[in-house]
Amino acid sequence: MRVSKMLTHTLKEDPQEAEVMSHKLMIRAGMLRRVSSGIYNYLPLGWKVIRKVMDIIREEMNAIEGQELLMPAMNPRELWEETGRWEEMGDNLFRLKDRWGRDYCLGMTHEEVITDIARKEIQSYKDLPIMLYQIQTKFRDEPRPRAGVMRGREFIMKDAYSFHDSDESLDEKYRDNYRAYWRIFARCGMETVPVKADPGPIGGTDNHEFMVLSPVGEDTVFLCECGNGANKEMAYFKDEEKDPPVRSKESSREKIHTPGVSTIEKLCKSLKISADRFMKAIVYIADGKPIMAIVRGDRDINQVKLRRGLGVKTLAMANDDEILKFTGGHLGFSGPVGMDPSVVVADPEIKYMVDTICGANEKDYHFRNVNPGTDFTVGKYIQIRDAVEGDKCPECGKVLDAKRSIELGHIFKLGRKYSNDMKATFLDDKSERKTFIMGCYGIGVTRIVAAVIETHNDKNGIIWPISIAPYECLVMPVMYNDDEQRGISEEIYKKLKEKGIDVAYDDRDSRPGFKFKDADLIGYPLRVIVGKKAIKDGLVELKLRDEKEAQMVKIEEVVDMIIDIIKVEKTKLMSFSDRFEECPC
Ligand code: ATP
Ligand code: MG
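Calculation criteria
Residues numbered from 1 in each chain as written. Chains lettered and ligands numbered in written order. Predicted model: local features only at pLDDT ≥ 70, side-chain atom pairs only at ≥ 80, totals over all residues. Heavy atoms only, no water. Donors = N, O, S within 2.8 Å, 3.2 Å for Na, K, Ca; no water. Buried < 20%, exposed > 50% of the residue type's maximum accessible area, 1.4 Å probe, protein only. Pairing = 2+ DSSP bridges. Helix = DSSP H or I, 4+ residues; strand = E, 2+ residues; numbered from the N terminus. Contact = heavy atoms within 4.5 Å. Axes fitted to C-alpha atoms, helices over the stretch in contact; angles between N-to-C directions. Near = heavy atom within 4 Å. Polar contact = N/O pair within 3.5 Å; in protein donor to acceptor, adjacent residues only side chain to side chain. Nonpolar A, V, L, I, M, F, W, Y, C, P; charged D, E, K, R; others polar. Disulfide = S-S within 2.5 Å. Patch = residues over 30% accessible without salt bridge, like charges linked within 9 Å, V, L, I, M, F, W, Y side chains within 5 Å. Areas by Shrake-Rupley, 256 points an atom, 1.4 Å probe, with all protein chains shown as cover. Salt bridge = Lys/Arg side-chain N within 4 Å of Asp/Glu carboxyl O. Lys, Arg positive; Asp, Glu negative; His and termini not counted. Charge placed at Lys NZ, Arg CZ, Asp CG, Glu CD. Parallel < 35°, antiparallel > 145°, perpendicular 65-115°, else oblique. Left-handed = near helix turned anticlockwise from the far one by under 90°. Domains from an automatic or database assignment. Buried area = accessible area lost by both parts, 1.4 Å probe.

## Looking at the coordination of the magnesium ion (ligand 2)
Coordination of the magnesium ion (ligand 2) by the protein comes from Glu407 (OE) and His410 (ND1), over a distance range of 2.3 Å. Of the residues examined, Glu407 reaches a relative accessible area of 21% and is grouped as partly exposed.

Set out below in structure tokens:
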């Protein structure tokens, strides 16, 4: 491709709309343009990268017997009604009406449509297992679109769905996908950590998120040297075991007037005591019944752990009316004193609190000098707080490492959730009707591109892994209007093209400094510079984007060298997969 003909418009300055590096660089390098909030044009350079990521994904999905299909982005309401998700997805689902007033949505995921395909097309156990996948635009009305394609409202996803007649068959496909995911990300230049994630109300057994560690990530993962890793929602840790606390004999419970002091922050300010001296009591409605959950004032309640610990399907914070009915008090003044122990759940840390402060279940009042066992009884101690820096691994006891991360993929054993709801069945070997067992496997294609740039850049621009760079190589004469330099450049460009190298040729008659800057910004992994030495000594400069020094190479050898380097670089990427560890489940 001749750069003079490319639709590239690089920018010197960081665009105002962008905060994170990948977003800035995608705009500056002319890959991406915003159309509306969370909606983008992928310009040719950006689309080329996306296409290369898709190719890698296709190769790896096909290698594990995935069959590609394409489902419609526009889905009829009726299908989503069958699983209850027309309601459940709330404002995240883009909805529209046709001219007859019929309801549709824009698919944010495709379990409903694929299950409809399965119940119509797959009749017999002989057709199982089967895995179908697509690479397609998804729509989600995200509350906070962010960081360019990292969190868009319209984005490209690879979503795969598998159908099985036994749990063992699902387990096997899950392991295949786990391995394929590792390979896909490695081939895109990314080292990922698979972490345990919460299956959510869907239930099911296993699911893993593939995370890339990055300070700009919205997720937090807790990792241990021993290989144990989980996202924040599922990060369990070893509960501290201490000696029973010693409390001062003379202290006894006392009610204090705290008008309008309904948050921990306000309490800290008003009583001049740190948050770890308080108990935070929150009322939830769990499967329709109220319960009170208690953690230390400086901790956050983890709703996933609470839901799992209680063994309930639904969990939501209670509103003021519900709190009033349950405790007799109001929001911000709840506490366990006087509550029936059967409705009180506390984090084990509460056991060790002495002379603590909590709500008095009465508006504008708190208690001080409250002690567990004496002033209230906890029905159930379960770990319900978020993990924090310094917490220890439940497996080996070493301190967990908390890291920010970006979720690139998510694999999930769905079980029979969708096939039950949609009555998707097949005939087994005894001609009996059985419900499909399902798995699903998603990858954020456009998010991969952002994550790669986020982890592969320097002050001059992008440093692409060769596998997904928009072009593998750039050929550039220093002075385009020098006939000899231009002639040699054209020749090298032509030869590289003939050898199947994805090569760009900077044939613009611009200042060399400008062209060098552009090359670094766009991040061509290999660069051949044809200058005066080419004419004098028959040598051209060959430089890798991520190396400081260039080497001088004979003109007649440069093409073969480039071919070799590309091969070596691609092998290096694959060697990431040597560190692969099999799926733990
Ligand atoms: P998140 O927690 O980041 O919102 P999710 O868990 O809702 O993602 P999934 O339903 O698991 O996402 O979708 C599969 C993959 O699609 C994710 O792992 C992620 O890489 C990608 N993805 C999800 N939402 C977006 C988005 N708004 N923009 C870009 N990619 C996304
Ligand atoms: Mg996910």
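## Description of the sheet that holds strand β17 (residues 344-346)
Across the sheet, five strands lie side by side as β16-β14-β15-β17-β20; this open sheet has mixed pairing. Sheet topology places β16 (315-317) and β20 (380-381) at the edges, where each strand pairs with a single neighbour. Two elements, β17 and β20, share two bridges in a ladder whose sense is parallel. The residue of β20 that forms the bridge with Val345 is Lys380. Its contacts with the sheet place helix α8 (residues 303-310) against β14 (279-286), β15 (289-296), β16, β17 and β20, and it is angled at close to 130° to β16.

## Describing the site of ligand 1
As a structural note, the neighbourhood of ligand 1 is formed by 14 residues, with Arg140, Glu142, Arg151, Gly152 and Glu407 the closest of them. Interatomic distance of 2.9 Å between a side-chain N/O atom of Arg140 and an oxygen atom of ligand 1. Every element with two or more residues in the shell around ligand 1 is listed here: β8 (154-164) and β21 (401-415). With four residues, β21 is the single largest residue contributor to the shell around ligand 1. Class assignment of the residues belonging to the shell around ligand 1 gives a composition of five nonpolar, four polar and five charged.

## A closer look at α8
Of all the positions in α8, only Val304, Lys305, Leu306, Arg307 and Leu310 are classed as buried. The inward-facing, buried residues of α8 contact β14, β15, β16, β17 and β20. With a side-chain oxygen lying 3.0 Å from the backbone nitrogen of Val304, the N-terminal cap of α8 falls on Asn302. Backbone geometry just after α8 places Gly311 at a positive phi near 70°.

## Here we look at unusual backbone geometry
Note the cis peptide between Leu128 and Pro129, where omega equals -5°. Mapped onto the elements, Pro129 comes out in the loop between α5 (111-121) and β7 (130-139). For Lys272, which is not glycine, the phi dihedral falls at a positive 55°. Summarising the element assignment, Lys272 is placed in the loop between α7 (264-271) and β14.

## Observations concerning the state of the cysteines
Scanning the model with the defined rule gives zero disulfides in all. Between Cys105, a cysteine without a disulfide, and Cys440, which holds the nearest cysteine sulfur, the sulfur-to-sulfur distance is 16 Å. Between Cys358, a cysteine without a disulfide, and Cys268, which holds the nearest cysteine sulfur, the sulfur-to-sulfur distance is 14 Å.

## Structural notes on the pairing of strand β30 (residues 539-544)
For strand β29 (residues 526-530) and β30, the ladder comprises four bridges, and the chain directions are antiparallel. Bridged to Arg527 within β30 is Lys543. As judged from the four bridges shared by β30 and strand β31 (residues 551-554), these two strands associate in the antiparallel manner. Residue pairing for β31: Glu541 is matched across the bridge by Met552.

## Remarks on a negative patch on the surface
Together, Glu556, Glu557, Asp560 and Asp564 line one region of the surface with negative charge. For Glu557, the position within the fold is in helix α15 (residues 555-575).

## Observations regarding the packing of helix α2 (residues 44-63) against helix α11 (residues 445-455)
Running from N to C, α2 and α11 point in directions that differ by 115°, and their axes come no closer than 9 Å. Taken together, α2 and α11 sit at an angle that is classed as roughly perpendicular. Considering only the axes of α2 and α11, their crossing is right-handed. Across from Val49, Ile50, Val53, Met54 and Ile57 in α2, the residues of α11 making contact are Val445, Thr446, Ile448 and Val449. For the contact of α2 with α11, a count of residues per class yields eight nonpolar, one polar and no charged.

## A few points about the pattern of salt bridges
Scanning the model with the defined rule gives 53 salt bridges in all. The partner of Asp429 in a salt bridge is Lys430, with the nearest N and O atoms 3.7 Å apart. Between Asp520 and Arg527 there is a salt bridge, with its nearest N and O atoms 3.2 Å apart. The same class applies to Asp520 as to Arg527, namely buried. Here the salt bridges share partners, and the residues they tie into one network are Arg296, Asp298, Arg299, Glu349, Arg385 and Asp391.

## Re the domain arrangement of the chain
Per the domain assignment, the segments making up the chain are domain 1 (15-69 + 110-134 + 142-233 + 402-454), domain 2 (254-381) and domain 3 (464-575). In this structure, domain 1 and domain 3 have C-alpha centres spaced 35 Å apart. Facing 18 residues of domain 1, the contacting portion of domain 3 comprises 13 residues. Across the interface of domain 1 and domain 3, roughly 1300 Å² is buried in total on both sides, 74% from carbon and sulfur atoms. Ranking the residues of domain 1 by area buried against domain 3 places Leu45, Lys48 and Lys52 at the top, with a combined share of 34%. Run the count over domain 1 and domain 3 and you get two salt bridges. Asp502 is the salt-bridge partner of Lys52, the closest N and O atoms lying 2.6 Å from each other. At the surface where domain 1 touches domain 3, the tally comes to five residue pairs in polar contact (both at pLDDT 80 or more). Mapped by element, the contributors of at least two residues to the side of domain 1 that touches domain 3 are α1 (21-28), α2, α6 (167-187) and α11. Here the side of domain 1 that touches domain 3 gets six residues from one element, more than from any other, and that element is α2.

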